[in-house]
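Listed below are the residues making up each chain.
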Amino acid sequence: MAKITYIEHNGTTHEVDVKPGMTVMEGARDNGIPGIDADCGGACACSTCHVYVAEDWVERLPEKDPMEEDMLDFAYQPDAKRSRLTCQIKVTPELDGLVVQLPERQI
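Residues numbered from 1 in each chain as written. Predicted model: local features only at pLDDT ≥ 70, side-chain atom pairs only at ≥ 80, totals over all residues. Heavy atoms only, no water.

A.B. asks: So what about the pattern of salt bridges? Which residues, and what values?
C.D. replies: Overall, the coordinates contain four salt bridges when judged by the stated rule. The closest approach of N and O atoms between Lys-81 and Glu-55, which form a salt bridge, is 3.3 Å. With Lys-81 in the loop between helix 2 (66-72) and strand 4 (83-85) and Glu-55 in the loop between strand 3 (50-53) and helix 2, the pair connects residues that are 26 residues apart, well separated along the chain. Owing to a relative accessible area of 45%, Lys-81 belongs among the partly exposed residues under this scheme. Arg-84 is the partner of Glu-68 in a salt bridge, and the nearest nitrogen-oxygen pair spans 2.8 Å. (Salt bridge = Lys/Arg side-chain N within 4 Å of Asp/Glu carboxyl O. Helix = DSSP H or I, 4+ residues; strand = E, 2+ residues; numbered from the N terminus. Buried < 20%, exposed > 50% of the residue type's maximum accessible area, 1.4 Å probe, protein only.)

Have a look at this one:
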């Protein structure tokens, strides 16, 4: 299991265990984390699972692929460095301790 911390826009923190092989989005969905809508179900066809990755994790994650980059253009207030779609981050044991912040809203 990898412990992932989701921080809502209002500061509420949720620390949950997510099984390797799942995505960070699935971890949020399965644990009832508010603020990750995941309208497309993880197909990278929307931007409703957008988060800001904690600064110290940005370089530790796999790079964004072109499809994720394109979808982030539709996210609410994307940050060129920290914004990611959680459906595109596959959980591995190395992600234990990952911290993501949710935007004010999803669009």
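A.B. asks: Give a description of the state of the cysteines that names residues and reports values.
C.D. replies: Tallied over the entire structure, the rule returns zero disulfides. Free of any disulfide, Cys-46 has its nearest cysteine sulfur in Cys-40, 3.6 Å distant. Residue Cys-87 stays outside any disulfide, its sulfur separated by 3.8 Å from that of Cys-49, the closest cysteine. Using a relative accessible area of 8% as the deciding quantity, one classes Cys-87 as buried. (Disulfide = S-S within 2.5 Å.)

A.B. asks: Run through the nonpolar core, naming residues and quoting values.
C.D. replies: Within the largest apolar cluster, 30 residues are counted, with the highest numbers of intra-cluster contacts made by Ile-4, Tyr-6, Ile-36 and Leu-98. Going through the elements one at a time, strand 1 (2-7), strand 2 (13-18), helix 1 (24-30), strand 3 and helix 2 are the ones with two or more residues in this core. Sequence-distant contacts of Tyr-6, that is, excluding residues within four places in its chain, are made with Thr-12, Thr-13, His-14, Val-16, Val-18, Val-24, Gly-27, Ala-28, Ile-33, Ile-36, Val-100 and Leu-102. (Core = buried A, V, L, I, M, F, W, Y, C linked by side-chain atoms within 4.5 Å. Contact = heavy atoms within 4.5 Å.)

A.B. asks: Please provide a residue-by-residue account of the packing of aromatic side chains, values included.
C.D. replies: What the rule picks out here adds up to zero aromatic pairs. One Lys or Arg, Arg-60, reaches over the ring of Trp-57 and ends 3.7 Å from the middle of that ring. (Phe/Tyr/Trp six-rings, centres within 6.5 Å; stacked < 30°, edge-to-face > 60°. Lys NZ or Arg CZ within 6 Å of the ring centre and 35° of its normal.)

A.B. asks: Please give an account of the side chain of Glu-8 that cites residues and values.
C.D. replies: Take Glu-8: it is sitting in the loop between strand 1 and strand 2. The buried charged residue Glu-8 lacks any salt bridge, with Arg-105 as its nearest oppositely charged partner at 15 Å. Once residues within four sequence positions are removed from consideration, Glu-8 is found in contact with His-14, Pro-34 and Leu-102. (Lys, Arg positive; Asp, Glu negative; His and termini not counted.)

A.B. asks: Which residues make up the side chain of Arg-82, and what values go with them?
C.D. replies: Residue placement: Arg-82 occurs in the loop between helix 2 and strand 4. Glu-55 is the oppositely charged side chain nearest to the buried, salt-bridge-free Arg-82, at an N-O distance of 4.0 Å. A polar side-chain atom of Arg-82 sits 2.8 Å from the main-chain carbonyl oxygen of Val-53. Look past the residues within four positions of Arg-82 in its chain and what remains in contact with it is Val-51, Tyr-52, Val-53, Ala-54, Glu-55, Val-58 and Gln-101. (Polar contact = N/O pair within 3.5 Å; in protein donor to acceptor, adjacent residues only side chain to side chain.)

A.B. asks: Can you tell me about unusual backbone geometry, naming the residues and giving the values?
C.D. replies: Positive phi is not limited to glycine here, since Ala-38 has a value of about 55°. You can call Ala-38 buried: its relative accessible area is 14%. In this structure, Cys-44 is a non-glycine residue whose phi angle is positive, near 55°. With respect to the secondary-structure elements, Cys-44 resides in the loop between helix 1 and strand 3.

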